[in-house]
Protein chains: 2
Amino acid sequence: MIISIIGGTDGLGKWFASFLKNRGYDVLVSGRDVIKGKEVEKELGVTYTNNNIDAAEKGDIVIISVPINVTESVIKEVAPHVKKGSLLMDITSIKERPAKLMAEFSKTGVFVLPTHPMFGPETPSLNRQVVILTPTEKEKTNPFFEKIKEFLEIEGAKVIVVSPKEHDKIMGVVQGLTHFVYISLGSTLKDLGIDIKESRNFASPIYELMINIIARIIGQNPYLYADIQMHNPQIKTIHETFIKNCENISEIVQNKDRDSFVENMKNSARHFGNETKRGLNCSNKAVYAISKETEKLIKSVGKEIGLKHIYSENVHYGILKEVYADNIVLKQNEKEVLLNISNVSLMEDKELEEWKIKNLEKYFVDISVLFKKDVDLNIILELLTHKFEIEVIDTYYGDKIDENDLSATFRISSYEKEDLKKLEETFNKIIENIGGKLRY
Amino acid sequence: MIISIIGGTDGLGKWFASFLKNRGYDVLVSGRDVIKGKEVEKELGVTYTNNNIDAAEKGDIVIISVPINVTESVIKEVAPHVKKGSLLMDITSIKERPAKLMAEFSKTGVFVLPTHPMFGPETPSLNRQVVILTPTEKEKTNPFFEKIKEFLEIEGAKVIVVSPKEHDKIMGVVQGLTHFVYISLGSTLKDLGIDIKESRNFASPIYELMINIIARIIGQNPYLYADIQMHNPQIKTIHETFIKNCENISEIVQNKDRDSFVENMKNSARHFGNETKRGLNCSNKAVYAISKETEKLIKSVGKEIGLKHIYSENVHYGILKEVYADNIVLKQNEKEVLLNISNVSLMEDKELEEWKIKNLEKYFVDISVLFKKDVDLNIILELLTHKFEIEVIDTYYGDKIDENDLSATFRISSYEKEDLKKLEETFNKIIENIGGKLRY
């Protein structure tokens with residue numbers, strides 16, 4: 001079975017190419033850029049062609065994965081060449097128009113499944129990701145449909161099946177309205193001349209959360225956001241409804257019409273129903289995520305911590321000296337490093353321990369001890385594990401020691417060379433008290 | 001020194017009454033409701049009067065703490081009665097108008113300090129809370145100003161000093177615009193007939209965050225939100241600027257004018273500057289706060305956990321059986337309890353341990369052991385602490401045992417009665433291996 005991915009040299013198309021190749025399928029990718037295509041061929045072990053029609057003709061499954069603004073023309077180009085009995089899919093984030101065009105331009109006997117994977121190419125697997133399938137009623141009876149759905153679900157994806165129109169309406173809200181409002185807020189704050197950094201001092205957690213979301217959105221690829229707005233047939237109504245609501249509430253405020261204002265909020269809360277309380281609870285967790293981390297940091301002053309850069313994933317490891325405003329002072333090997341809280345996240349103990357094992361040099365000391373022969377070394381070792389990083393590297397009985405004794409050599413390790421002497425002293429003290437004798 | 005709080009029987013006024021009383025000041029509160037006043041008098045140990053003017057006359061510091069919509073009339077009522085040399089403050093969340101009225105209606109020689117504490121009455125202390133002071137330039141030279149500022153800072157508050165007008169502008173954005181947008185979004189979703197719960201399935205974390213914030217706001221006291229909108233003189237411009245930006249972007253989208261859309265986003269990102277990246281990082285923490293907790297829960301299946309209800313603070317303690325969708329199945333004493341993730345938060349190990357100590361019944365077994373007399377029991381105990389909840393309740397040397405021995409009685413405790421037998425076996429086994437002898 002050959003899976004052709006039109007636009008499989010980049011973005012989510014490339015992600016699917018890699019994913020399906022790893023699952024053992026023959027993958028054929030097409031794309032305009034030959035240099036990039038050759039690189040992907042080498043990187044993923046798939047086959048590349050710069051001819052979309054060639055790829056369309058060969059595929060048992062043909063997946064169109066191109067930017068929204070060229071989806072229409074690519075469908076018109078490749079759909080007529082998909083062979084009978086094959087499956088034609090697209091993975092664009094709008095569905096009404098591609099669904100219509102794929103049905104219209106493909107031959108009878110080609111099965112069409114318009115799809116919207118709700119994740120980006122940085123996702124490690126399909127596990128817990130949402131994939132929306134938007135087949136027509138007739139297409140739902142095609143065995144391909146059940147197969148794809150099952151395949152996705154076995155991979156851990158959450159599959160939602162809705163009509164293309166319903167999809168576009170809900171996406172017009174979930175993506176379209178959300179982006180629209182935050183983008184409008186971004187330019188409003190600019191127009192009002194608000195100093196964003198300074199405004200954070202006024203410490204309203206919900207305002208800060210809003211600022212953070214605006215920043216998140218306006219910092220992304222604006223072309224993608226333009227296309228999501230401009231290709232959704234439902235977006236006009238959604239914008240208009242929102243603006244009308246803003247105007248209405250603004251007028252209520254100008255008229256100091258308290259009753260209507262209260263009525264409006266109450267009606268919305270009624271519409272949200274149980275989601276009102278749930279949203280409050282969830283937003284609490286979001287709001288306190290940051291302050292909770294700060295609290296934890298403050299409690300860790302003077303202790304050894306690990307901070308992971310949230311993008312580079314680089315780890316800063318050292319003694320936490322100070323936390324003030326948004327800054328963290330970390331002492332790393334005699335020098336002080338200043339980090340911004342928002343750029344790093346505090347590592348859990350376990351995660352830090354794993355990092356240290358991989359990254360830090362370890363020093364050790366070996367100590368031999370005599371025990372009575374009938375002693376269970378595993379029990380001794382387990383008790384000591386809680387105090388030392390320790391292992392038994394050798395045991396011995398025989399000529400050189402008393403016949404009732406057994407000798408065990410322990411290795412105590414530490415990331416800090418200068419700590420070894422103190423660890424050895426503590427170890428010796430313990431050994432004397434639990435029936436062991438040091439052997440020199 | 002007498003501190004009078006007009007409206008000190010409720011809300012933040014009552015909070016300050018309690019706070020200042022605890023700091024040793026004589027506090028006099030006034031309020032219309034005599035029954036409530038008498039209760040507060042008893043509860044806080046302050047003095048109550050139902051006569052605002054009486055309170056204003058007696059105070060060396062007079063704090064007006066009444067709802068926004070009656071602040072004007074209360075200022076006009078009490079300001080003329082504040083004695084010379086006293087300090088008159090208000091703590092309303094708008095400042096331009098109260099500042100003007102307090103200056104106008106108080107006698108010459110009364111010092112005026114319009115104030116906005118940025119926190120609610122549920123706050124435990126002033127520590128890390130923001131307090132905004134909005135004195136005129138002349139008032140900044142009054143020694144009262146420095147004293148109040150210092151007092152607040154010693155209590156840990158972050159004090160911001162701005163002009164009343166600047167305050168109202170920034171609050172018009174920080175509170176006014178934020179509330180306005182989310183309230184408008186709430187009624188938009190209602191008008192569009194979006195099923196909120198179902199829409200969450202489409203799993204866009206930023207959309208969900210937005211939904212949660214809308215829910216948080218529309219679920220609060222609508223009268224307070226109405227007043228914040230309606231009493232801020234800057235709000236009209238802010239609404240208009242926002243609506244204009246929405247209309248502008250909507251038009252750009254209708255015209256499929258990609259370049260202008262991109263330009264708009266880029267300009268906003270430029271205005272945000274470094275805050276763009278910072279916001280992205282902070283929003284990541286907010287977005288992942290919930291999924292991170294879910295991950296942690298999934299890893300804890302089969303283990304003992306504590307879940308704290310985020311409002312009632314009730315603790316559910318048991319073995320985690322299953323996590324699915326938004327639900328948690330917990331096995332508590334042979335019966336299964338179903339909880340919603342959004343209503344509870346997972347307790348940290350340490351927090352759970354403290355809860356258990358306070359709330360669960362403990363069972364124990366006492367075991368006496370003979371050691372050589374020169375053994376350091378502290379060392380033995382410390383080793384065992386990592387395996388057992390254990391203490392030494394008695395030590396003995398003397399007639400009944402060998403003169404080279406010492407007897408120690410250990411108490412091992414557990415929340416699970418049926419575990420004691422197994423713990424005792426493990427303990428006995430360890431003791432035999434570390435030079436101890438069980439004494440029956």
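All values reported here derive from a predicted model rather than from experimental measurement.

When helices and strands are counted, chain A shows 16 helices and 17 strands. The globule rule puts the C-alpha radius of gyration for 440 residues at 22 Å, and the 31 Å found for chain A is more than 25% above it. With respect to the three principal axes, the spread of C-alpha positions in chain A is 90 × 65 × 40 Å. In chain A, buried positions account for 53% of the 440 residues.

Here the focus is the pairing of strand β11 (residues 327-332) of chain A. Residues and elements named next belong to chain A. Counting buried positions along β11 yields five of six residues, so the element is predominantly enclosed. Two elements, strand β10 (residues 315-324) and β11, share five bridges in a ladder whose sense is antiparallel. Within the sheet, the bridge partner assigned to Ile-319 lies in β11 and is Lys-331. Between β10 and β11, which pair antiparallel one after the other, the connecting turn spans two residues, and Ala-325 there sits at a positive phi close to 45°. Note that β11 and strand β12 (residues 335-340) share six bridges and pair antiparallel. Along β12, the bridge assignment pairs Gln-332 with Lys-335. The turn joining β11 and β12, which pair antiparallel and follow one another in sequence, is formed by two residues; a positive phi near 40° is taken by Asn-333.

With respect to the helices and strands, Gln-175 of chain A occurs in helix α7 (residues 164-191). With sequence-adjacent residues up to four places away left out, Gln-175 of chain A is seen in contact with Ser-93, His-116 and Ile-228 of chain A.

Turning to the sheet that holds strand β13 (residues 344-346) of chain B, a few remarks are in order. Residue and element names in this part refer to chain B. The antiparallel open sheet is built from five strands, whose spatial order is β12-β11-β10-β9-β13. Strand pairing shows two members of the sheet lacking a second neighbour, β12 (335-340) and β13, which therefore form its edges. Neighbour-to-neighbour, the strand axes of this sheet turn through a mean angle of 50°, independent of strand direction. Against the sheet, helix α13 (residues 274-299) contacts β9 (304-309), β10 (315-324), β11 (327-332) and β13, and its axis sits at roughly 65° relative to β13.

Turning to the sheet that holds β10 of chain A, a few remarks are in order. Residues and elements named next belong to chain A. Strand order in this open sheet of five strands is β12-β11-β10-β9-β13, and the pairing throughout is antiparallel. Looking at the sheet topology across the chains shown, the edges are occupied by β12 and β13 (344-346). Looking at each pair of strands side by side, their axes are set apart by 50° on average, direction ignored. The sheet contacts of helix α13 (residues 274-299) involve β9 (304-309), β10, β11 and β13, and relative to β13 the element is tilted by about 65°.

Another point: the side chain of Ser-184 of chain B. Of note, Ser-184 of chain B is situated in helix α7 (residues 164-191). Residue contacts for Ser-184 of chain B: discarding those within four places in its chain leaves Phe-242, Asn-245, Cys-246 and Ile-249 of chain A.

Moving on, we come to the packing of aromatic side chains. Centre-to-centre distance and the angle between the planes together describe a pair of aromatic rings. For the structure shown, the criterion picks out 25 aromatic pairs over all chains. Ring centres of Tyr-317 of chain A and Trp-355 of chain A lie 5.6 Å apart, and the angle between their planes is 45°; on these two criteria the pair is classed as tilted. Here Tyr-317 of chain A, found in strand β10, pairs with Trp-355 of chain A, found in helix α14 (residues 349-359); they are 38 residues apart in sequence, far enough to count as distant. An identical accessibility class is assigned to Tyr-317 of chain A and Trp-355 of chain A; each is buried. Aromatic ring contacts, followed pair by pair, group Trp-15, Phe-16, Phe-19, Tyr-25, Phe-119 and Phe-151 of chain A into a single cluster. Positioned over the ring face of Tyr-396 of chain A is Lys-400 of chain A, at 5.8 Å from the centre of the ring. Taking NZ or CZ as reference, Lys-147 of chain B lies 5.9 Å from the ring centre of Phe-144 of chain B, over its face.

The next point concerns the packing of helix α9 (residues 205-218) of chain A against α7 of chain B. Put simply, α9 of chain A and α7 of chain B touch, their axes get as near as 9 Å, and they point 70° apart. When the interaxial angle is binned, α9 of chain A and α7 of chain B end up roughly perpendicular. As α9 of chain A packs across α7 of chain B, the resulting crossing turns out to be left-handed. Mapping the contact onto sequence places Ile-206, Tyr-207 and Met-210 of chain A in α9 of chain A and Val-173, Val-174, Thr-178 and Tyr-182 of chain B in α7 of chain B. Of the residues that constitute the contact of α9 of chain A with α7 of chain B, the class distribution is six nonpolar, one polar and no charged.

When chain A is fitted onto chain B, the two copies agree to an RMSD of 0.1 Å after a turn of 180° and an axial shift of 0.0 Å. Such a combination of rotation and displacement between the chain copies is what one expects of a two-fold axis. When the interface residues of chain A are mapped onto chain B, 100% of them again fall at the interface, so both copies present the same face.

Note: α-helices contain 3.6 residues per turn, so residues at a spacing of three or four share the same orientation. Residue and element names in this part refer to chain A. Of the positions making up helix α2 (residues 34-44), those classed as buried are Gly-37, Val-40 and Leu-44. The arc that holds every buried residue of α2, seen down its axis, measures 60°, which confines them to one face. Set apart from the buried face of α2 by more than 90 degrees, the exposed residues are Ile-35, Glu-39 and Lys-42. Two or three places before Ile-35, at the opening of α2, Asp-33 has a side-chain oxygen 3.1 Å from that residue's backbone nitrogen.

For the rest of this paragraph, the subject is the pattern of salt bridges. Throughout the structure, instances matching the rule amount to 49 salt bridges over all chains. A salt bridge links Glu-208 of chain B to Arg-200 of chain B; the shortest N-O distance between them is 2.8 Å. Classification of Arg-200 of chain B by relative accessible area gives buried; the value is 5%. Put simply, Asp-405 of chain B and Lys-372 of chain B hold a salt bridge, and the shortest N to O gap is 3.7 Å. Note that Asp-405 of chain B is positioned in strand β16 (residues 405-414) and Lys-372 of chain B in strand β14 (residues 363-372), a separation of 33 residues in sequence. On the basis of relative accessibility, which here comes to 47%, the residue Lys-372 of chain B falls in the partly exposed class. Where salt bridges share partners, they join Arg-200 and Glu-208 of chain A together with Glu-275 and Arg-278 of chain B into one cluster.

Another aspect to go through is the domain arrangement of chain A. Each assigned domain of chain A is listed here: domain 1 (2-162), domain 2 (167-272), domain 3 (296-359) and domain 4 (363-438). Distance between the C-alpha centres of domain 1 of chain A and domain 3 of chain A: 43 Å.

The extent of an interface is frequently quoted as the accessible surface area lost upon association of the parts. Contacts between the two partners involve 132 residues from chain A and, on the opposite side, 132 residues from chain B. In total, chain A and chain B occlude about 12700 Å² of area from one another, counting both sides; carbon and sulfur atoms represent 68% of this. Summed over the shared surface of chain A and chain B, the number is seven salt bridges. Between Glu-382 of chain A and Lys-387 of chain B there is a salt bridge whose closest N-O contact spans 2.9 Å. On inspection of chain A and its partner chain B, the count reaches 27 residue pairs in polar contact (both at pLDDT 80 or more). It is α13 of chain A that provides the largest number of residues to the side of chain A that touches chain B, a total of 20 residues.

Moving on to the UniProt feature "domain: Prephenate/arogenate dehydrogenase" (unreviewed entry) in chain A. Per the UniProt record, "domain: Prephenate/arogenate dehydrogenase" (unreviewed entry) is found at residues 1-283 of chain A. Secondary structure across residues 1-283 of chain A comprises 58% helix and 13% strand; the distance between its end C-alpha atoms is 47 Å.

Bringing the nonpolar core into the picture now. In terms of nonpolar packing, the biggest core is built from 94 residues, with Phe-261 of chain A together with Leu-189 and Phe-261 of chain B touching the most fellow members. If we ignore the near neighbours within four places in the chain, the residues touching Phe-261 of chain B are Ile-183, Pro-222, Tyr-225, Ala-226, Gln-229 and Met-230 of chain A together with Ile-249, Ile-252 and Val-253 of chain B.

Conventions and cut-offs
Residues numbered from 1 in each chain as written. Chains lettered and ligands numbered in written order. Predicted model: local features only at pLDDT ≥ 70, side-chain atom pairs only at ≥ 80, totals over all residues. Heavy atoms only, no water. Helix = DSSP H or I, 4+ residues; strand = E, 2+ residues; numbered from the N terminus. Rg over C-alpha atoms; globule rule 2.2 N^0.38 Å. Buried < 20%, exposed > 50% of the residue type's maximum accessible area, 1.4 Å probe, protein only. Pairing = 2+ DSSP bridges. Contact = heavy atoms within 4.5 Å. Axes fitted to C-alpha atoms, helices over the stretch in contact; angles between N-to-C directions. Phe/Tyr/Trp six-rings, centres within 6.5 Å; stacked < 30°, edge-to-face > 60°. Lys NZ or Arg CZ within 6 Å of the ring centre and 35° of its normal. Parallel < 35°, antiparallel > 145°, perpendicular 65-115°, else oblique. Left-handed = near helix turned anticlockwise from the far one by under 90°. Nonpolar A, V, L, I, M, F, W, Y, C, P; charged D, E, K, R; others polar. Least-squares fit on C-alpha atoms with pLDDT ≥ 70 in both. Arc of directions from axis to C-beta. Polar contact = N/O pair within 3.5 Å; in protein donor to acceptor, adjacent residues only side chain to side chain. Salt bridge = Lys/Arg side-chain N within 4 Å of Asp/Glu carboxyl O. Domains from an automatic or database assignment. Buried area = accessible area lost by both parts, 1.4 Å probe. UniProt positions renumbered as here; feature names shortened; annotations may be inferred. Core = buried A, V, L, I, M, F, W, Y, C linked by side-chain atoms within 4.5 Å.

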